[in-house]
Amino acid sequence: MQHRRNMRSYSGTARRGWLSASLPLAIAALAIHPPAPAHAQATPSAQESVPPAQQAAATATAPDAIKQREQELEAAREEQRKATELQEKLKADIAAIGQDRSKLNQQLIDIAGQVRSVETRIADAEARLQPLDNREREIRSSLDSRRAEVIEVLAALQRAGRRTPPALLVRPEDALQSLRTAMLLGAVVPELRTRAEKLANDLGELVALRKTIATERDALAHDRNRLKEDQTRLAALVDERQRQQAAAEKDMATEGARAIALSKQVTDLQGLIAKMEQDIKSAAKAAATASLQGAPATVNGKPNLGAFKDPARLTPAVAFASAKGLFAYPVNGSKIRDFGGSDGSGGVQKGISLAAKPGAQVTTPCDGWVVYAGPFRSYGQLLILNAGGGYHVLIAGMERISVNIGQFVLTGEPVATMGSTSQVASILATNASQPVLYVEFRKDGTPIDPGPWWATNEGEKVRG
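Residues numbered from 1 in each chain as written. Predicted model: local features only at pLDDT ≥ 70, side-chain atom pairs only at ≥ 80, totals over all residues. Heavy atoms only, no water.

It is not clear to me how the overall build of the protein should be interpreted in this structure. Could you clarify?
A count of helices and strands for the protein gives 12 helices and 13 strands. Evaluated residue by residue, the protein yields a buried proportion of 38% over its 464 residues. Excluding contacts between residues fewer than 6 apart, the proportion of contacts in the protein whose partners are at least 24 apart in sequence is 73%. Approximately 25400 Å² of the protein is accessible, and the part contributed by carbon and sulfur atoms is 55%. (Helix = DSSP H or I, 4+ residues; strand = E, 2+ residues; numbered from the N terminus. Buried < 20%, exposed > 50% of the residue type's maximum accessible area, 1.4 Å probe, protein only. Contact = heavy atoms within 4.5 Å. Areas by Shrake-Rupley, 256 points an atom, 1.4 Å probe, with all protein chains shown as cover.)

Is there a simple way to explain the packing of aromatic side chains in this structure?
Each aromatic ring pair is summarised here by two numbers: the centre-to-centre distance and the angle between the ring planes. Within the structure shown, the criterion is met by 12 aromatic pairs. Taken together, a centroid distance of 5.4 Å and an interplanar angle of 75° make the contact between Phe320 and Phe441 edge-to-face. In this pair, Phe320 sits in the loop between strand 2 (302-303) and strand 3 (333-337) while Phe441 sits in strand 12 (residues 436-443), placing the two residues 121 residues apart along the sequence. Per residue, the accessibility class of Phe320 equals that of Phe441, and both read buried. (Phe/Tyr/Trp six-rings, centres within 6.5 Å; stacked < 30°, edge-to-face > 60°.)

When you look at the nonpolar core in this model, what are you seeing that I'm missing?
Most often, soluble globular proteins have nonpolar side chains that are buried together. The biggest cluster of nonpolar side chains holds 37 residues, and the ones touching the most others in it are Phe320, Phe327, Val362, Leu383, Met398 and Phe441. Looking at this core, the elements that each hand over two or more residues are strand 4 (352-356), strand 6 (368-375), strand 7 (381-388), strand 8 (391-398), strand 11 (414-417) and strand 12. The dominant element in this core, judged by the number of residues it contributes, is strand 8, at four residues. Each residue touching Phe320, except ones within four places of it in the same chain, is listed here: Phe327, Cys366, Ala387, Gly388, Tyr391, Val393, Phe441 and Trp453. Ranked by size, the runner-up nonpolar core spans 25 residues in total, among them Leu269, Ala290, Tyr372 and Phe376. (Core = buried A, V, L, I, M, F, W, Y, C linked by side-chain atoms within 4.5 Å.)

Where do I start with the pattern of salt bridges in this structure?
Where charged atoms of side chains with opposite charge meet at close range, the side chains can pair. Tallying each qualifying case throughout the model produces 16 salt bridges. Among the ionic pairs, Arg226 bridges to Asp230, the shortest N-O distance being 3.1 Å. Of this pair, Arg226 and Asp230 both sit in helix 8 (residues 172-248), four residues apart, which is roughly one turn of the helix. Among the charged side chains, a salt-bridge network with shared partners connects Glu126, Arg224 and Lys357. (Salt bridge = Lys/Arg side-chain N within 4 Å of Asp/Glu carboxyl O.)

Which parts of the structure should I look at to understand the confidence of the model for the protein?
Note that predicted coordinates carrying low pLDDT should not be read in detail. On average, the protein scores 77 in pLDDT, and the residues at 70 or more come to 70%. Segment residues 1-48 is flagged for pLDDT under 50; beyond a separation of four residues in sequence, or across chains, it makes 46 contacts in the model. Ignoring residues within four places in sequence, the model shows residues 164-173, a span with pLDDT below 50, making 12 contacts including any to other chains. (pLDDT = per-residue confidence, 0-100.)

Could you clarify how one ought to interpret the packing of helix 9 (residues 252-263) against helix 10 (residues 269-279) in this entry?
Relative orientation and spacing of two packed helices are given, respectively, by the angle between their axes and the distance between those axes. Relative orientation of the contacting elements helix 9 and helix 10 amounts to 145°, with a least axis distance of 10 Å. Handedness of the crossing formed by helix 9 with helix 10: right-handed. Along its contact with helix 9, which presents Arg258, Ala259, Leu262 and Ser263, the element helix 10 presents Leu272, Lys275, Met276 and Asp279. For the contact of helix 9 with helix 10, the residue count by class is four nonpolar, one polar and three charged. (Axes fitted to C-alpha atoms, helices over the stretch in contact; angles between N-to-C directions. Left-handed = near helix turned anticlockwise from the far one by under 90°. Nonpolar A, V, L, I, M, F, W, Y, C, P; charged D, E, K, R; others polar.)

I keep staring at the sheet that holds strand 9 (residues 400-401) and nothing clicks. Help me out?
Backbone hydrogen bonds are what pair the strands of a sheet, in a parallel or an antiparallel way. Pairing within the open sheet is antiparallel, and its three strands lie in the order 5-11-9. Looking at strand neighbours, the two that pair on one side only are strand 5 (361-363) and strand 9, the edges of this open sheet. The sheet contacts of helix 6 (residues 101-145) involve strand 5 and strand 11, and relative to strand 5 the element is tilted by about 130°. (Pairing = 2+ DSSP bridges.)

Where do I start with the side chain of Asp230 in this structure?
A relative accessible area of 6% means that Asp230 is categorised as buried. Beyond its immediate chain neighbours, meaning those up to four positions away, Asp230 contacts Ile111, Gln114, Val115 and Val118.

Where do I start with unusual backbone geometry in this structure?
Generally, phi is negative for residues other than glycine and the peptide bonds are trans, each holding for most cases. Its identity as a non-glycine residue notwithstanding, Arg377 has a phi of 45°, on the positive side. Tracing the backbone through its elements, the reader meets Arg377 in the loop between strand 6 and strand 7. Its identity as a non-glycine residue notwithstanding, Asp444 has a phi of 50°, on the positive side. Examined against the element boundaries, Asp444 turns out to sit in the loop between strand 12 and strand 13 (446-448).

Would you take a moment to explain the pairing of strand 7 for this structure?
Residues in a regular strand point their side chains to alternate faces of the sheet. In terms of burial, strand 7 is largely enclosed, as seven of its eight residues are buried. The sheet contact formed by strand 6 and strand 7 spans six bridges and is antiparallel. Directly across from Tyr372, in strand 7, lies its bridge partner Ile384. Hairpin connection of strand 6 to strand 7: five residues between the antiparallel strands, including Arg377 at a positive phi of 45°. When strand 7 meets strand 8, the two strands line up antiparallel, connected through seven bridges. Of the residues in strand 8, the one forming a bridge with Asn386 is His392. The antiparallel hairpin formed by strand 7 and strand 8 contains two residues in its connecting segment, where Gly389 sits at a positive phi of about 70°.

So, in C-alpha cells, the structure goes:
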C-alpha cells in the first residue's frame with residue numbers, strides 16, 4: 001500500500017511538472033500567432049446566420065467608435081490650446097526683450113543651442129532604435145519559423161500531462177510496462193523541458209525588447225514635441241531680430257535684391273565676394289569694419305574665451321586665426337566629403353560637406369559680418385561671412401537664410417535652416433538622399449583646410 005501511494009504521488013508530481021513546463025510554450029504560441037477575432041474568421045454566410053442578440057452586441061461597438069472620435073477631437077483641441085498659449089507667451093517674451101539687442105542675441109543663441117541639442121538626442125534615439133527593431137524582427141521570425149516545433153512540443157506535453165503513468169499491478173507484465181514507461185518519460189521530459197526553456201527564453205527576450213523599444217519611442221516622441229516648441233520659439237525670435245534689423249537699415253530689401261542681381265554677373269565665389277564688398281553699401285561697410293578691427297586682445301597669448309559671453313558685442317570675440325580647435329560644425333550631421341578630396345564632379349573639394357537631417361538648424365561657427373545672403377549658381381542658398389583678418393566663411397546648401405547683408409552675427413547664432421533635399425549641384429549628382437551643407441574657409445581669397453578650426457570634442461566647442 002505504501003508503494004502504491006508513492007506511485008500515485010509520483011504521478012501527480014510528474015503531471016504538475018509537465019503542465020508547468022508547457023505554460024511558457026503556450027504563451028509563446030499565443031504571442032506568435034494570436035487567435036483571430038471571431039468576426040474576422042466568419043464568412044459572409046456565417047455572419048448572416050448570427051443570432052439577433054449577437055448582432056446587437058456587434059452593433060454596440062458603434063458608441064465606442066463615437067467615443068474614440070470624441071477623444072481625438074478633444075486631443076486636437078488641447079493641442080490647439082497649447083499652441084495658443086505658446087504664441088501668447090512668445091509675444092510676452094518678445095515684448096519684454098524690447099530693443100535690448102544683447103538679450104535678443106542671447107535668447108537666439110540659447111534657443112538655437114537647445115534646438116541642436118534636441119536634434120542630437122533624436123538622432124541618437126533613432127540610432128539606438130534601429131538595432132532594437134532589427135533584433136525584434138529576428139526573434140519574431142525565429143519563433144515563427146519554429147511554429148511546427150511549438151505545436152509538437154505543446155502536443156507532447158499535453159499528452160504526457162493528461163495520461164497517468166500505469167499503476168504498479170501484481171502481474172510482472174504490468175510491472176515491466178510501468179518500468180518501460182518511466183524510462184521513456186525520463187528520457188523525453190528533459191528534452192521537452194530544454195526545448196520549452198529555449199522557446200521561453202526567446203519569448204522573454206522579445207517581451208523585454210518590446211518594453212525597451214516602447215520606452216525609447218516615448219522619449220523620442222517627447223523630444224520631437226520639445227523640438228517643435230523650440231523651433232516655434234526660435235522662428236519668432238528670428239523674425240523679431242530681422243524686424244529690428246530692417247528698422248535700422250531702411251534700404252535693406254533694396255540692397256538684397258541688388259546683391260542677387262549682381263551675383264548673376266560673376267562666375268565664381270571670389271568674384272562674388274569682391275563684387276559684394278565693393279558695390280553693395282552694407283557689405284562694403286561690413287568689410288571695411290572687419291578690416292579696421294585689430295586682433296582682439298589675448299590672455300597670456302591665448303584667445304580670451306570669456307569674450308564669447310558678451311551677447312552685445314559688435315566685433316569678433318577672438319581673432320579668427322587664433323580660434324583653431326574652437327569651432328563647432330554649423331549643423332548637426334556627419335562629414336561625407338573632406339577638404340582636398342573629390343568633389344563628385346571631377347574636381348577637388350575646397351571645403352567639407354555635412355549630411356544633415358531635413359529641416360535641421362544651421363548656426364554660425366564664428367563671429368562675422370554677412371557680406372552675401374541669397375542664391376548663387378550651383379550652390380543653392382549661399383551665406384558668406386567676413387570674419388576679419390582676411391578670412392571668409394562660406395556656407396551653402398540651405399533652403400532658407402534668415403539674416404541679411406551687413407548684419408553682424410555671433411558664434412552659435414541661428415542663420416538658416418536645411419531643406420528636405422540637397423541644394424548643392426555637385427551633391428545632387430551623387431543622388432544624395434538627404435540635405436547636405438557645404439562649408440568653406442578662405443584666407444585672402446584662397447580656400448584653406450578648415451580642419452584645424454573644428455573642435456575635437458564637445459567640451460572644446462564655443463557656442464557664444
